[in-house]
Amino acid sequence: MYSIKELIVIVLCFCGLWVSARSGSYSGFAFDWFRESGGYKLKLQQLRYIWEVNRQGLNVSEAANALFTSQPGVSKQIRALEDELGIQIFERRGKQLVAVTRAGQRILDASGDVLSRIQNIKSMADELRDESKGALSIATTHTQCRYVLPSVIKTFRARYPNVSLHMHQGTPVQIAQAAADGTADIAIATEALELFEELTMLPCYRWNRAVIVPKGHPLASVKRLTLKKLSEYPLVTYNFGFTGRSKLDEAFTQESLTANVVFTAADADVIKTYVRLELGVGIVARMAFDEKQDGDLIALDASHLFEPSVTKIAFRRGSHLRGYMAGFIEMFAPHISAVNLQRQINENTQDEIEAHYADVKLPDL
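Residues numbered from 1 in each chain as written. Predicted model: local features only at pLDDT ≥ 70, side-chain atom pairs only at ≥ 80, totals over all residues. Heavy atoms only, no water.

## A word on the packing of aromatic side chains
Reasoning step 1: Throughout the structure, instances matching the rule amount to seven aromatic pairs.
Reasoning step 2: When the centroid spacing of 6.0 Å and the interplanar angle of 65° are considered together, the rings of Tyr-205 and Phe-332 count as edge-to-face. Separated by 127 residues along the polypeptide, Tyr-205 in strand β8 (residues 199-207) and Phe-332 in helix α12 (residues 323-332) bring together distant segments of the chain. There is no split in this pair, since Tyr-205 and Phe-332 are both buried. (Phe/Tyr/Trp six-rings, centres within 6.5 Å; stacked < 30°, edge-to-face > 60°. Helix = DSSP H or I, 4+ residues; strand = E, 2+ residues; numbered from the N terminus. Buried < 20%, exposed > 50% of the residue type's maximum accessible area, 1.4 Å probe, protein only.)

## What about helix α8 (residues 172-180)?
Reasoning step 1: All buried positions along α8 are accounted for by Pro-172, Ile-175, Ala-176, Ala-178, Ala-179 and Ala-180.
Reasoning step 2: For α8, the elements touching its buried residues are β5 (134-140), β7 (186-189), β8 and β14 (309-316).
Reasoning step 3: At the exit of α8 stands Gly-182, carrying a positive phi of roughly 90°. (Contact = heavy atoms within 4.5 Å.)

## Topic: the pairing of strand β3 (residues 90-93)
Reasoning step 1: Where β3 and strand β4 (residues 96-100) come together, four bridges link them in antiparallel fashion. Paired with Glu-91 across the strands is Ala-99, a residue of β4.
Reasoning step 2: If you look at the hairpin formed by β3 and β4, you'll find two residues sitting between the two strands, and Gly-94 has a positive phi there, around 70°. (Pairing = 2+ DSSP bridges.)

## Quick look at the side chain of Thr-101
Reasoning step 1: Within the secondary structure layout, Thr-101 lies in the loop between β4 and α6 (102-129).
Reasoning step 2: A relative accessible area of 13% means that Thr-101 is categorised as buried.
Reasoning step 3: At a separation of 2.8 Å, a polar atom in the side chain of Thr-101 contacts the main-chain amide nitrogen of Gly-104.
Reasoning step 4: In contact with Thr-101, other than residues within four places in its own chain, are Gln-88, Ile-89, Phe-90 and Glu-91. (Polar contact = N/O pair within 3.5 Å; in protein donor to acceptor, adjacent residues only side chain to side chain.)

## Overview of the nonpolar core
Reasoning step 1: Core analysis: the largest hydrophobic core is formed by 46 residues, its most contacted members being Leu-136, Ile-313, Phe-328 and Phe-332.
Reasoning step 2: When residues in this core are grouped by element, the largest group, seven residues, is from α12.
Reasoning step 3: Not counting chain neighbours up to four residues away, the residues in contact with Phe-332 comprise Gln-144, Val-148, Leu-149, Val-152, Ile-188, Cys-204, Tyr-205 and Ile-313.
Reasoning step 4: With 22 residues, the next largest nonpolar core counts Val-60, Leu-81, Ile-107 and Leu-115 among its residues. (Core = buried A, V, L, I, M, F, W, Y, C linked by side-chain atoms within 4.5 Å.)

## Some remarks on the packing of helix α3 (residues 44-55) against helix α5 (residues 71-85)
Reasoning step 1: Relative to each other, α3 and α5 sit at 110°, their axes nearing to 9 Å. Of the possible angle classes, the one that applies to α3 and α5 is roughly perpendicular. The two elements α3 and α5 meet at a crossing, and its hand is left-handed. Across the interface between the two elements, Gln-45, Gln-46, Leu-47, Tyr-49, Ile-50 and Val-53 from α3 touch Gly-73, Val-74, Gln-77, Ile-78, Ala-80 and Leu-81 from α5.
Reasoning step 2: The class makeup of the residues in the contact of α3 with α5 is eight nonpolar, four polar and no charged. (Axes fitted to C-alpha atoms, helices over the stretch in contact; angles between N-to-C directions. Parallel < 35°, antiparallel > 145°, perpendicular 65-115°, else oblique. Left-handed = near helix turned anticlockwise from the far one by under 90°. Nonpolar A, V, L, I, M, F, W, Y, C, P; charged D, E, K, R; others polar.)

## Some thoughts on the sheet that holds strand β11 (residues 261-265)
Reasoning step 1: The mixed open sheet is built from five strands, whose spatial order is β11-β10-β12-β9-β13. Looking along the sheet, the strands with just one partner apiece sit at the ends: β11 and β13 (297-301). Each neighbouring strand pair of the sheet contributes to a mean axis angle of 30°, computed without reference to strand direction.
Reasoning step 2: In this sheet, strand β12 (residues 281-285) lies alongside strand β10 (residues 235-238) in parallel orientation, the contact comprising two bridges.

## Examining the pattern of salt bridges
Reasoning step 1: All told, the structure shown has eleven salt bridges when counted by the stated rule.
Reasoning step 2: Salt-bridge contacts for Arg-276 lead to Asp-294; the nearest nitrogen and oxygen are separated by 3.0 Å. Of the two residues, Arg-276 is situated in helix α11 (residues 268-276) and Asp-294 in the loop between β12 and β13; the sequence distance between them amounts to 18 residues.
Reasoning step 3: Taking relative accessible area as the criterion, Arg-276 reaches 33% and is therefore assigned partly exposed.
Reasoning step 4: Judged by relative accessible area, Asp-294 falls into the buried class, the value being 3%.
Reasoning step 5: Note that Arg-276 and Asp-296 form a salt bridge whose closest N and O atoms lie 2.7 Å from each other. Here the residue Arg-276 occupies a position in helix α11, and Asp-296 occupies one in the loop between β12 and β13, the gap between them amounting to 20 residues.
Reasoning step 6: Exposure remark for Asp-296: the relative accessible area of 39% places this residue in the partly exposed category. (Salt bridge = Lys/Arg side-chain N within 4 Å of Asp/Glu carboxyl O.)

## Considering the sheet that holds strand β6 (residues 163-169)
Reasoning step 1: The strand order β6-β5-β7-β14-β8 describes an open sheet built from five strands, whose pairing is mixed. If you trace the sheet from one side to the other, it starts and ends with β6 and β8, each paired once. Averaged over all adjacent pairs, the angle separating strand axes in this sheet is 20°, with direction ignored.
Reasoning step 2: Two elements, β7 and β14, share three bridges in a ladder whose sense is antiparallel. Pairing of Ala-189 across the sheet is with Lys-312, part of β14.
Reasoning step 3: Packed on one face of the sheet, helix α7 (residues 142-159) meets β5, β6, β7, β8 and β14 and runs near 175° to β6.

## Digging into the confidence of the model for the protein
Reasoning step 1: Of the residues in the protein, 85% reach a pLDDT of 70 or more, and the chain-wide mean stands at 82.
Reasoning step 2: Here residues 1-39 is modelled with pLDDT under 50, and outside its nearest four sequence neighbours on either side it reaches 53 contacts, counting other chains as well. (pLDDT = per-residue confidence, 0-100.)

## Looking at the pairing of β7
Reasoning step 1: Alternating residues of β7 divide into Ile-186 and Ile-188 and Ala-187 and Ala-189, and every residue in both groups is buried.
Reasoning step 2: Judged from the three bridges that link them, β5 and β7 form a sheet pairing that is parallel. For Ile-138, the partnering residue across the bridge sits in β7 and is Ile-186.

Structure representation (structure tokens):
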């Protein structure tokens, strides 16, 4: 954690003020501890540049586009920062960045922490000015966006009409990364969130799968499905890493069976399209089957075949949740109290949070 003095200096950097204790000259304000440490002429802009370059896979051009600036300007500021620190942050081959150095990784980690804290300060200021206005960026999968979120979004918009919503769809890893690096305020997913230790995760609901077939398919007359019976047919389901696919693979493996997966997709609607074309038997999230829109298909219960999955909501650890953000989380997962949410995540580790919700009965979708 940063001390009050450190946070004040970060804010001063954000305002464009810097200190040079090496030369004994000052612009803005200085503290003794800062002078003793060498008084680097660090600018927040430089930290943003190296953070974005790393986020863009060391592609300086893409980073410049994301930052609405020029590539030469980004390269110049990175060089200036490396010269000031006396440390090489990126390895180069000619003019191209090819890797992050070990020392550079530590600087990037610290930079991410600083930028996150600055964003928290800005969020607090925004909320103090007007807590009913702002923007909420959500990263999630097609299944969540299409089948779970519409009613929540409708309720949220009615309560917070002055908050703009921005939805980002992607793979579970992309979703988790977006929340971890601050691109999204909130991530909603079933897979991959646990891969990012900088995220705080809260359990939202449990769900399971349905087997879908066209009307008249032989499986439609089977009283109770078995994995052995499913293994006899070609399967159409999610890409690996999407929508609880790992639970499906685990179930077949535990029974020493091989799933004959002939087609995969990230989108449940695409999977249903190819089931209609009789490419194979579909396995999708039960919530993705709509009895009205999918009236030409039959959904067979498969909850006894697969372990249920848990969808979680995640955000960067230590981030300040504005009132409407906590409100959204409570709408999405009513067992999570918006009133106590900020205190809970500030005072508890991820293990403690999981222990807190271990005895909570999650909704089933």
